[in-house]
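Here is how the chains run, residue by residue.
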Amino acid sequence: MRILQLHSNFIVFKPVQKEIAIAEEAEQKENRVEEVVVLFTAIEEGDNAAMAQKAIDDVRAFLGKLKVNRILIYPFAHLSSNLSKPSEALKVIKDMEAYAKEKGIETYRAPFGWNKQFTISIKGHPLAEQARSYAPTPEAKAEGETKKEEEPVSAALKAEDKLQSFWHIILTDGSLVPVEEFKFKGHVNLQKFSQYEIKKARAVTQMPPHVTLMKRLEIADYEAGSDPGNIRWYPKGRMIKSLLEQYVTSRMNAYGAMEVETPIMYDFNHPSLKSYLNRFPARQYVLKSEDKELFLRFAACFGQFLMAHDAQFSYKQMPIKLYELTRYSFRREKSGEVVGLKRLRAFTMPDCHAFCTDLEQAKKEFLTRFNICVEVLSNIGFTKDDYEIAMRFTKGFYDEHKDFIAELAKTFGQPMLAEVWNERFFYFILKWDINFVDNQDKAAALSTDQIDVENAKRYEITYVDEKGEKQYPLILHCSPSGAIERDIYALLEKAYRDQMAGKAPMLPLWLSPTQVRLIPISDKFMDKAEELAKQIASHRIRVDIDDNASTLQKKIREAEQEWVPYIIVIGEKEIESGTLSVRDRELKSQQQNMTADQLIAKVTEKIAGKPFKPLPLPLYISKRPQFHG
RNA sequence: GCCUCGAUAGCUCAGCCCGGUAGAGCGGCUGCCUUGUAAGCAGCAGGCCGCGGGAUCAAGGCCCGCUCGAGGCUCCA
């Protein structure tokens, strides 16, 4: 709290304009107060009622010396760069006012939240001008926290600090083995993942491989002109990202989810959002617009919950599934945590909520979605060897639903990590996440699902049951693929791992920007190359032509460095024989002889069922700009 | 956010310790070569040495601040 205290002959102030939504009511007329001690006051983060009283007590001491008993509390934000939230500030200002009146001081107050005009005449004596600053004292701080604890949400937050986790491995029969007793032989990644989760101990001194790759392959790059964690996508990267987005969305459509679209920014002071938000105090991007304070969404929950709040539905229609691909969700992660495509401040997340009548329905749906998530990751290009699963639940939940956990474990067919809590700290009773373990032995969550038992109430979302009574549903929160950017991170890290193991690194065929590269041996064969390109492209295959004036060997080298899956050289032999010599990256670039039709059939089969986008760059390589050295 | 380290041509990096006219390779452009499965040859252009301040006759190099990045800590709904 900062106070500028001025002993004045008089002050005249006039509210001009409301600055914020929660501004107090006030008349736009001049107010004049004579012979008064004016307190220009800024309320800072952490200030509370105790501090309000202390400040007023200090002022009272001065009033005695000055022989005045009249104060004006004047909210004045400009004294601090560490202001509290307006709603908090108003509370503290009111505390000051009430306490001062209680102590018999003639107290005036300028309205909060207004742009005000003022004229002041200050007395010239030594005690007339005083500035004071109050940092939250340890006691005041503790008191503030105790106070917070009374709110249910903050209690949960505070509990999270003390949260104690017990780590186990879930065997495929659903039984739990303490992590220390599990033999990790043959489960190297699970061991790494467990280490990461439990000890969080890492020692690495290398640039994350996917960061180098995302730049070199002209997929994505940092954008220094934005905020950290806001990424620039080049044509190839945009295409890859768009295909993944399309794929996940179409899979969720097939699952029966209804796609919706909701705003990316929300009013800080909206009553339904407030208590939910309080759990995440410093994590949003905040923006001011006219008289409103808005935050950027960090998931699709807000929009979908507000929509579900207004919707009418009954048990007969449930489970009801809403889906949105958020482009973007925003989380203002701490600067030291933002890295590459792994952890961003603006990211694209598919988010599907299922509203279920009861736990039985929720469990059934949960299992369905679990299988969908594994399928989605598989289609993106990840096998069960690429990731590890963590199940998180309370001891109580496990005891009651052991069979269900066992069923999930059996479905997955591999041991999983279990984080077990003694009591529930979060709004969910069961959660799992699929984690990719990267080349620095760090883990990043991809798919996730959870059973939420709190938010229906918080958002007043209800359905009508068989008896015609309103009930709160259980809400499942699922991201089938996790953040799309993170999928690309994992694909690149996987490719790098393949490379280290002596394999040719590559993207899945359906995501390769160029699927087939044609290299005419000389200008003479350009016509033939164009003809062939036309034929291949007509089958929804991305094909391009290297028409640069360099050597054959160099063109092959460049195609290999671009991770092009099929490279075809076109010259005299091909034209005469009618068969193509295809360099197949998957087969360590061995040359395979096949006809154009055979190649088309092969590619078509491999990308069957996946979305398609045309070549993201000009057909001729010579026409392409260079986006990254 | 904190601690440590870094930022030099489009890219990768040398020069900094010990202050004195800005370097290489790749890429780009121009020309030659018309190529048979991972780098053909030559020439040319290209720099606010991240931004701002300071000390110095003189700063890419020393000092301070900032921005961005990397690692660690913390965090990860």
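As shown above, the structure is provided for reference.
Residues numbered from 1 in each chain as written. Chains lettered and ligands numbered in written order. Predicted model: local features only at pLDDT ≥ 70, side-chain atom pairs only at ≥ 80, totals over all residues. Heavy atoms only, no water.

## Examining helix α10 (residues 359–380)
Turning to step 1, where the next piece is worked out: Here α10 spans 31 Å end to end across 22 residues, near enough to the 32 Å set by a 1.5 Å rise per residue.
Turning to step 2, where the next piece is worked out: Just downstream of α10 lies Gly381, where phi reads positive at about 135°. (Helix = DSSP H or I, 4+ residues; strand = E, 2+ residues; numbered from the N terminus. Expected span 1.5 Å × (residues − 1).)

## Points about the nonpolar core
Turning to step 1, where the next piece is worked out: In terms of nonpolar packing, the biggest core is built from 121 residues, with Phe355, Phe393, Leu430, Leu492 and Leu518 touching the most fellow members.
Turning to step 2, where the next piece is worked out: Lining this core are residues from two domains, each supplying at least three of them: domain 2 (167–263 + 299–491) and domain 3 (509–623).
Turning to step 3, where the next piece is worked out: For Phe355, the residues in contact, after removing those within four places along its chain, are Phe305, Ala308, Phe313, Met318, Pro319, Ile320, Leu322, Gln361, Ile461, Pro473, Leu474 and Ile475.
Turning to step 4, where the next piece is worked out: Grouped together as the second largest cluster of nonpolar side chains are 25 residues, Ala52, Ala55, Leu66 and Ala89 included. (Core = buried A, V, L, I, M, F, W, Y, C linked by side-chain atoms within 4.5 Å. Buried < 20%, exposed > 50% of the residue type's maximum accessible area, 1.4 Å probe, protein only. Domains from an automatic or database assignment. Contact = heavy atoms within 4.5 Å.)

## Quick look at the pattern of salt bridges
Close approach of charged atoms allows side chains of opposite charge to pair.
Turning to step 1, where the next piece is worked out: One pass over the structure, following the stated rule, counts 34 salt bridges.
Turning to step 2, where the next piece is worked out: For Arg251, the salt bridge identified is with Glu375, shortest N-O distance 2.8 Å. Placement of Arg251 in helix α7 (residues 235–255) and of Glu375 in helix α10 is noted, with a sequence separation of 124 residues between them.
Turning to step 3, where the next piece is worked out: For Arg251, a relative accessible area of 17% puts it in the buried group. (Salt bridge = Lys/Arg side-chain N within 4 Å of Asp/Glu carboxyl O.)

## Considering helix α2 (residues 86–102)
Turning to step 1, where the next piece is worked out: Taking 1.5 Å of rise per residue, the 17 residues of α2 would be expected to cover 24 Å, and the 24 Å separating its terminal C-alpha atoms lies within 8% of that figure.
Turning to step 2, where the next piece is worked out: Where α2 is concerned, the buried positions are Pro86, Ala89, Leu90, Val92, Ile93, Met96, Glu97, Tyr99 and Ala100.
Turning to step 3, where the next piece is worked out: One or two positions beyond α2, positive phi appears at Gly104, with a value near 80°.

## Digging into the side chain of Arg369
Turning to step 1, where the next piece is worked out: Of note, Arg369 is situated in helix α10.
Turning to step 2, where the next piece is worked out: On the basis of relative accessibility, which here comes to 1%, the residue Arg369 falls in the buried class.
Turning to step 3, where the next piece is worked out: In terms of polar contacts, Arg369 uses its side chain to reach the backbone carbonyl oxygen of Leu476, at 3.4 Å.
Turning to step 4, where the next piece is worked out: Ignoring sequence-local partners within four residues, the contact set of Arg369 consists of Tyr255, Cys352, His353, Ala354, Asp449, Leu476, His477 and Cys478. (Polar contact = N/O pair within 3.5 Å; in protein donor to acceptor, adjacent residues only side chain to side chain.)

## Some words on the pairing of strand β7 (residues 165–170)
Turning to step 1, where the next piece is worked out: One ladder, built from six bridges, connects β7 with strand β18 (residues 416–421); its direction is antiparallel. Residue pairing for β18: Trp167 is matched across the bridge by Glu419.
Turning to step 2, where the next piece is worked out: Sheet topology places β7 next to strand β8 (residues 176–178); three bridges connect them, and they run antiparallel. Across the sheet, the residue bridging to Ile170 is Leu176, located in β8.
Turning to step 3, where the next piece is worked out: The turn joining β7 and β8, which pair antiparallel and follow one another in sequence, is formed by five residues; a positive phi near 90° is taken by Gly174. (Pairing = 2+ DSSP bridges.)

## Quick word on the protein's contact with RNA strand B
Turning to step 1, where the next piece is worked out: Around RNA strand B lies a shell of 49 residues, among which Tyr222, Arg283, Arg557, Glu574 and Gln626 are the nearest.
Turning to step 2, where the next piece is worked out: Counting only the atoms of RNA strand B within 4 Å of the protein, the fraction contributed by sugar and phosphate is 53%.
Turning to step 3, where the next piece is worked out: Asp523 places a side-chain nitrogen or oxygen 3.5 Å from a base nitrogen of RNA strand B.
Turning to step 4, where the next piece is worked out: Measuring from a base oxygen of RNA strand B, one finds a backbone N or O atom of Lys573 at 3.1 Å.
Turning to step 5, where the next piece is worked out: When contributions to the surface near RNA strand B are tallied by element, the ones reaching two or more residues are α16 (552–561), α17 (572–577) and β27 (580–584).
Turning to step 6, where the next piece is worked out: Counting residues per element, the surface near RNA strand B draws most heavily on α16, which supplies six residues. (Near = heavy atom within 4 Å.)

## A short note on the sheet that holds strand β14 (residues 292–296)
Turning to step 1, where the next piece is worked out: Strand order in this open sheet of three strands is β12-β14-β13, and the pairing throughout is antiparallel. Sheet topology places β12 (265–267) and β13 (286–289) at the edges, where each strand pairs with a single neighbour. Pairs of neighbouring strands in the sheet enclose a mean axial angle of 35°, with direction left out of account. (Axes fitted to C-alpha atoms, helices over the stretch in contact; angles between N-to-C directions.)

## Side note on the packing of helix α6 (residues 209–216) against helix α14 (residues 484–500)
Turning to step 1, where the next piece is worked out: Between α6 and α14, whose axes approach to 9 Å, the crossing angle comes to 100°. Between α6 and α14, the angle falls in the class roughly perpendicular. On α14, the residues that touch Pro209, His210, Leu213 and Met214 of α6 are Tyr489, Leu492, Glu493 and Tyr496.
Turning to step 2, where the next piece is worked out: Looking at the contact of α6 with α14 residue by residue, the class counts come to six nonpolar, one polar and one charged. (Parallel < 35°, antiparallel > 145°, perpendicular 65-115°, else oblique. Nonpolar A, V, L, I, M, F, W, Y, C, P; charged D, E, K, R; others polar.)

## Structural notes on the sheet that holds strand β26 (residues 566–570)
Turning to step 1, where the next piece is worked out: The five strands are arranged β25-β24-β26-β27-β28 in an open sheet whose pairing can be described as mixed. What marks the edges here is a single partner per strand, and that holds for β25 (543–545) and β28 (590–594). Across the sheet, the axes of successive neighbouring strands diverge by a mean angle of 30°, strand direction being ignored.
Turning to step 2, where the next piece is worked out: Taken together, the three bridges between β26 and β27 define a ladder with antiparallel strand orientation. Of the residues in β27, the one forming a bridge with Ile568 is Val582.

The analysis is restricted to geometry; functional conclusions fall outside its scope.
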